[in-house]
Amino acid sequence: MKIGVLALQGAFIEHIKILESLGVEAVEVRLPEQLAELDGLIIPGGESTTIGKLARRFGLMAPLHEFATAKPVWGTCAGMIFLAKEVSSGTEGKDQPLLGVMDIVVARNAFGRQVDSFETNLDVAVFANGDKRPFPAVFIRAPKLVAAKADTQIIAMLPDGTAVAAQQGHWLVTSFHPELTGDGRFHEYFLSLIEEEGK
Ligand code: GLN
């Protein structure tokens, strides 16, 4: 199995490290032709406008769209915004290239200035073997998932009911950064989606 991490900007090295610690081959992706050899792709956190503009400049928008139609893709934080069909928040969404595959609406930087960053434990229903141990989640100027449409499932929420992780078929999104705490269970879950697809 070979997983790519889009490496235009943001926290891609941390994803590579955690994938390698799980014994999976992981590569930094910058060129359209690299997509051909991958079984799945992670779009990391960072700055979604920058990631989108660089993807457009490097001719990656159409190849990424084609890849996402065929294979599993997981967007964390900025990556979640990039996968969304709609960004709800005012001027920030303007001139922001979106891959626009998932039936979700997101609001950027929606947790407010006072809580730019925070860490909390989440209950996640989908981990292997019904593992119920809380998952440590780091939020950094995170987006909120304000609507999940069509067949999108919410798979993790904050105690106040805010949706922070969702799945639609082979697409996964998390508002937070699961690559920063050393807990590999979300990455394992993504790998299980890829295995499922290969069957
Ligand atoms: N605030 C960033 C954005 O809107 C996302 C932050 C992150 O990825 N940690 O794109």
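Parameters at a glance
- Residues numbered from 1 in each chain as written.
- Predicted model: local features only at pLDDT ≥ 70, side-chain atom pairs only at ≥ 80, totals over all residues.
- Heavy atoms only, no water.
- Buried < 20%, exposed > 50% of the residue type's maximum accessible area, 1.4 Å probe, protein only.
- Helix = DSSP H or I, 4+ residues; strand = E, 2+ residues; numbered from the N terminus.
- Arc of directions from axis to C-beta.
- Contact = heavy atoms within 4.5 Å.
- Near = heavy atom within 4 Å.
- Polar contact = N/O pair within 3.5 Å; in protein donor to acceptor, adjacent residues only side chain to side chain.
- Areas by Shrake-Rupley, 256 points an atom, 1.4 Å probe, with all protein chains shown as cover.
- 1 Å grid on protein atoms, 1.4 Å probe; cavity = no way out; pocket = protein on both sides within 12 Å on 5 of 7 lines; lining within 4 Å.
- Sits in = over half its atoms within 2 Å of the grid points.
- Nonpolar A, V, L, I, M, F, W, Y, C, P; charged D, E, K, R; others polar.
- Salt bridge = Lys/Arg side-chain N within 4 Å of Asp/Glu carboxyl O.

Engineer: Looking at this model, I keep getting lost on helix 3 (residues 61-70). Mind explaining?
Structural biologist: Turning to helix 3, its buried residues number three or more, namely Leu 64, Phe 67 and Ala 68. Axial view of helix 3: buried residues confined to an arc of 100°, hence all on one face. The outward face of helix 3, more than 90 degrees from its buried face, is lined by the exposed residues Ala 62, Glu 66 and Thr 69. In this fold, the buried residues of helix 3 make contact with strand 1 (2-6), strand 3 (40-43), helix 2 (48-57), strand 4 (73-76), helix 4 (78-83) and strand 12 (171-174).

Engineer: Hey, could you run me through helix 1 (residues 12-21) in this one?
Structural biologist: In an α-helix there are 3.6 residues to a turn, and that puts residues three or four apart on one side. Where helix 1 is concerned, the buried positions are Phe 12, His 15, Ile 16, Ile 18 and Leu 19. Buried residues along helix 1 sit in contact with strand 1, strand 2 (25-29), strand 3, strand 4 and helix 5 (185-198). Residue Gly 23 follows helix 1 closely and has a positive phi angle near 80°.

Engineer: Before we go on, may I ask you to explain the site of the ligand in this structure?
Structural biologist: Residues in close proximity to the ligand include Gly 45, Gly 46, Glu 47, Ser 48, Cys 77, Ala 78, Ile 81, Arg 108, Asn 109, Ile 140, Arg 141 and His 177, which together make up its full environment. Within the backbone of Gly 46, one N or O atom sits 2.8 Å away from an oxygen atom of the ligand. Take Ile 140: an N or O atom from its main chain is 2.9 Å from a nitrogen atom of the ligand. Contact with the protein chains hides 95% of the accessible area of the ligand, taken as 300 Å² for the molecule alone. With respect to the pocket detection grid, the ligand is positioned in the largest pocket. The residue inventory of the shell around the ligand, partitioned by class, reads 4 nonpolar, 5 polar and 3 charged.

Engineer: When you look at the pattern of salt bridges in this model, what are you seeing that I'm missing?
Structural biologist: Two side chains of opposite charge can pair, provided their charged atoms sit close to one another. All told, the structure shown has 9 salt bridges when counted by the stated rule. Two residues, Glu 47 and Arg 108, come together in a salt bridge whose shortest N-O distance is 2.7 Å. A residue pair is termed long-range when its members are at least 10 positions apart, and Glu 47 in the loop between strand 3 and helix 2 and Arg 108 in the loop between strand 6 (102-107) and strand 7 (117-122) qualify at 61 residues. By relative accessible area, which is 31% here, Glu 47 ends up partly exposed. Notably, a salt bridge pairs Asp 131 with Arg 133, separated by 2.7 Å at the nearest N-O pair. Overall, Asp 131 belongs to the buried group, its relative accessible area being 18%.

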